[in-house]
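Analysis of the macromolecular model
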Amino acid sequence: MREIPRHAFIISSSGRLLAHKTSTMVTMNPLSNLQPVLVLFAVVLLKANFSDADQFTYRSDASSSSSNNIYSPQDWDQVECTDLETCSGWPDKFLPSIDWKLDENACEWCPADGSGNCGSNSRQSPINLERNRAINASEWHNNCVDTHLMRYYDSSCTFDELVRLNAFSIERHALKITQPIEPFNNTWRLACEDERGHQFGRIDFSKGFSHWWHLDHTNFKVPSEHTQEGRRYDAEMQLFHFYSASAAEAGVSNQMAAVTIFLQAYDDAPDYDVLNKVICQWRKAEDATREQCGLPSVQSYYPGCFYNNRGHDGNSGGGGGNTRHLRKAQSAQDVLQRESKRMLQNPTEMEPFVMHIEDDFEEPVDFDWEEFIADVYRQEEENAHGRHLMDYEHIGPWHNYFGLLGVKTEYYYRYSGTQTIPPCFGKFTPGDNRANTNHWRVMKDPIRVSERQIDEMHRLLKDRIAPSDDPFKACKPDTAAATYEGNENRVNVSRPLMMTEENHFMTFCECTRWKSLWVEDNLWCDNKNETSRFYEQPYNFVTDGF
């Protein structure tokens, strides 16, 4: 008989030590034929347990030593995940195209300053976006091949349905709005229904994509992850989509897409009212989590939203066994990636997983986009001159693509890149430029918002508490955010800027490609001086440069 230190089993597949206690010993019989099997079984179990506790952070000084499982951006390639039910290191799970497969961490450390060690096949995101791609005389010119606006149609989810289904959540890495799904005939479908059925929101990309992209979820990041001509914005709204076509139909597998809109606070800008409507729901989600955990409300006053004062001034702290547990909505990408991972682990025991998509949707031939845009202007006029209630319930009508309505431009950058959180899906495949790709579309203008709105988004992420069903940090402070030096009220949930490579295929699509339906776009396009239009007056509103 001999004794073996317990920590001998607690190692990851990469060989790093995950625990280092030596006081507890296990006794094993060296003559037993079962010993190698038991040792291997222990390694597998303990590896899975500790790998699923891996977390990423935006702090550059987080330790990746044997004593914890928290990884700074430069170490994100080490974030592992074996059980997508409980794993917190791959939080978006990630996006479900048909024939979806995700079985590796593709994160690389390729910072924009060139200090990384990335090869020619790198194309990490986010990157700095440059307008010289649209200048014929530039050595970086790359012609935009797109010929029309991104046409988009709303999902069946009304605002009230999203509220009822707990679609507004505060994640470690982002503020989120989920398009919720539900079981249906041994598959899953969008949980919302209207006269069209259970329709996912959908968007049509120009050139090269003959099928719809379906809206899956929307993330809000502070500050922006991408920059434009070196300018970083106060926030970034990212609408993630999965492709509706199979690999056989599309000719390529593993694709996803993100449409991004910047948000910037200006001194003369009023509140962006739709954002207030959403902020109020994140505040409610925050207080519901704290109530489940028996914690008092965060005493933070945000005019227009309900003031949560539970647990203060003699009010009940709430929580405990009498509180109904609120289940966070699942998106299509949550379920499809989880099931695809199971298929990889048990290929002979499981039937292929199917997402139920009602494909009877056809783009209305009589849909009048000009009238649609005109109606947006009319609705804004009514809201501006109507009675202003302080609860934001009057703001509407709701549209799940509200950011594309609010930004008032059809023009954008397009490039091929990766997911900006682990596992950084989007690894470049030489010879197949579209496989394993996150197709980015980044709108050229920011939406003007108020400073208080940006401040509240920072606060919500800074004060985040893990929900009561979190397997690792239930009811404890839990955010991936880094804090700003010199400003404890500001946080950072943006991946550092990555090096721009040829494999990104960046282009800038603007006036010369098609005529916009937005009045603001056309006024901007009337400026025929390319240098002035691109750099001196770069937006659809008056500024002095970026």
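This is a predicted model, so every value here is computed, not measured.

Here's the deal with the overall build of the protein chain
Each helix and strand in the protein chain was counted, giving ten helices and 21 strands. Per-residue burial for the protein chain yields a buried fraction of 54% across its 546 residues. The contacts in the protein chain between residues at least 6 apart in sequence include a share of 73% that link residues at least 24 apart. In the structure as shown, the protein chain presents an accessible area of about 24,100 Å², 49% of it carried by carbon and sulfur atoms.

Quick word on the nonpolar core
One finds Ile203, Phe220, Leu275, Trp282, Phe402 and Met457 to be the most contacted residues of the largest nonpolar core, which totals 112 residues. Examining the composition of this core, we find that seven residues originate from one element, strand β16 (residues 255-265), more than from any other. Once you skip the residues sitting within four places of it in the chain, Met457 turns out to touch Leu175, Phe220, Val222, Ala235, Leu275 and Ile279.

Overview of the packing of helix α4 (residues 273-292) against helix α8 (residues 451-462)
α8 packs onto α4 with a crossing angle of 25° between their chain directions and a minimal axis gap of 11 Å. As far as their axial angle goes, α8 and α4 are roughly parallel. Seen from above, α4 lies across α8 with left-handed handedness. Facing Leu275, Asn276, Ile279, Trp282, Arg283 and Glu286 of α4, the residues of α8 in contact are Arg452, Gln453, Glu456, Met457, Arg459 and Leu460. Taken together, the residues of the contact of α4 with α8 break down into five nonpolar, two polar and five charged.

Here's the deal with the pattern of salt bridges
Taken as a whole and judged by the stated rule, the model has 27 salt bridges. Across the salt bridge formed by Arg459 and Asp463, the nearest N and O atoms sit 3.0 Å from each other. When the shortest N-O distance is used, the salt bridge between Lys462 and Asp463 registers 3.1 Å. Judged by its relative accessible area of 29%, Lys462 is partly exposed. Several salt bridges converge on common partners, so that one network encompasses Arg283, Glu286, Glu456, Arg459, Lys462 and Asp463.

A few points about the pairing of strand β18 (residues 437-449)
Across the 13 residues that make up β18, a large majority, twelve, are buried. Judged from the ten bridges that link them, β16 and β18 form a sheet pairing that is parallel. Looking at β18, one finds that Gln255 is bridged to Thr437. With six bridges joining them, strand β17 (residues 412-417) and β18 adopt antiparallel strand pairing. What sits directly across from Tyr412, in β18, is Met443.

So, the sheet that holds strand β5 (residues 128-129)
Judged by pairing direction, the sheet is mixed, and its three strands sit side by side in the order β5-β13-β14 without closing on themselves. Each having just a single partner strand, β5 and β14 (231-232) make up the two edges of the open sheet. Note that strand β13 (residues 227-228) and β14 share two bridges and pair antiparallel. Looking at the pairing, Thr227 lines up with Arg232 of β14.

Describing the packing of aromatic side chains
Summed over all chains, the structure comprises 35 aromatic pairs. Ring geometry for Phe209 and Tyr243: centres 6.2 Å apart, planes at 85°, overall edge-to-face. Of the two residues, Phe209 sits in the loop between β11 (202-204) and β12 (213-221) while Tyr243 sits in strand β15 (residues 235-243), which places them 34 residues apart along the sequence. The class for Phe209 is buried, based on a relative accessible area of 7%. Overall, Tyr243 belongs to the buried group, its relative accessible area being 2%. Measuring from centroid to centroid gives 5.4 Å for Trp369 and Phe372, while their planes differ by 80°, and the two rings are edge-to-face.

Remarks on the environment of Arg196
By the element assignment, Arg196 lies in the loop between β10 (187-190) and β11. Arg196 sits in the partly exposed class, given a relative accessible area of 30%. Separated by 41 residues in sequence, Arg196 and Ser155 place their C-alpha atoms 9.4 Å apart.

Some words on the environment of Asp432
Of note, Asp432 is situated in the loop between β17 and β18. The exposure class assigned to Asp432 is partly exposed, which follows from its relative accessible area of 30%. In the structure, Asp432 is positioned 180 residues away from Val252 in sequence and 8.3 Å away in space, judged by C-alpha atoms.

Considerations on the side chain of Ser416
Within the secondary structure layout, Ser416 lies in strand β17. Residue Ser416 is classed as buried on the basis of its relative accessible area of 11%. The residues touching Ser416, leaving out its near neighbours within four places in the chain, are Arg123, Thr437, Asn438, His439, Asn503, His504 and Phe505.

Here's the deal with the confidence of the model for the protein chain
Residues at a pLDDT of 70 or more form 76% of the protein chain, whose mean pLDDT is 82. Note that residues 1-32 has pLDDT below 50 and, in this model, 65 contacts with residues that lie over four places away or in other chains. In this model, residues 318-325 is a region of pLDDT below 50 whose contacts with residues beyond four sequence positions or in other chains number 15 contacts.

The rules behind the values
Residues numbered from 1 in each chain as written. Predicted model: local features only at pLDDT ≥ 70, side-chain atom pairs only at ≥ 80, totals over all residues. Heavy atoms only, no water. Helix = DSSP H or I, 4+ residues; strand = E, 2+ residues; numbered from the N terminus. Buried < 20%, exposed > 50% of the residue type's maximum accessible area, 1.4 Å probe, protein only. Contact = heavy atoms within 4.5 Å. Areas by Shrake-Rupley, 256 points an atom, 1.4 Å probe, with all protein chains shown as cover. Core = buried A, V, L, I, M, F, W, Y, C linked by side-chain atoms within 4.5 Å. Axes fitted to C-alpha atoms, helices over the stretch in contact; angles between N-to-C directions. Parallel < 35°, antiparallel > 145°, perpendicular 65-115°, else oblique. Left-handed = near helix turned anticlockwise from the far one by under 90°. Nonpolar A, V, L, I, M, F, W, Y, C, P; charged D, E, K, R; others polar. Salt bridge = Lys/Arg side-chain N within 4 Å of Asp/Glu carboxyl O. Pairing = 2+ DSSP bridges. Phe/Tyr/Trp six-rings, centres within 6.5 Å; stacked < 30°, edge-to-face > 60°. pLDDT = per-residue confidence, 0-100.

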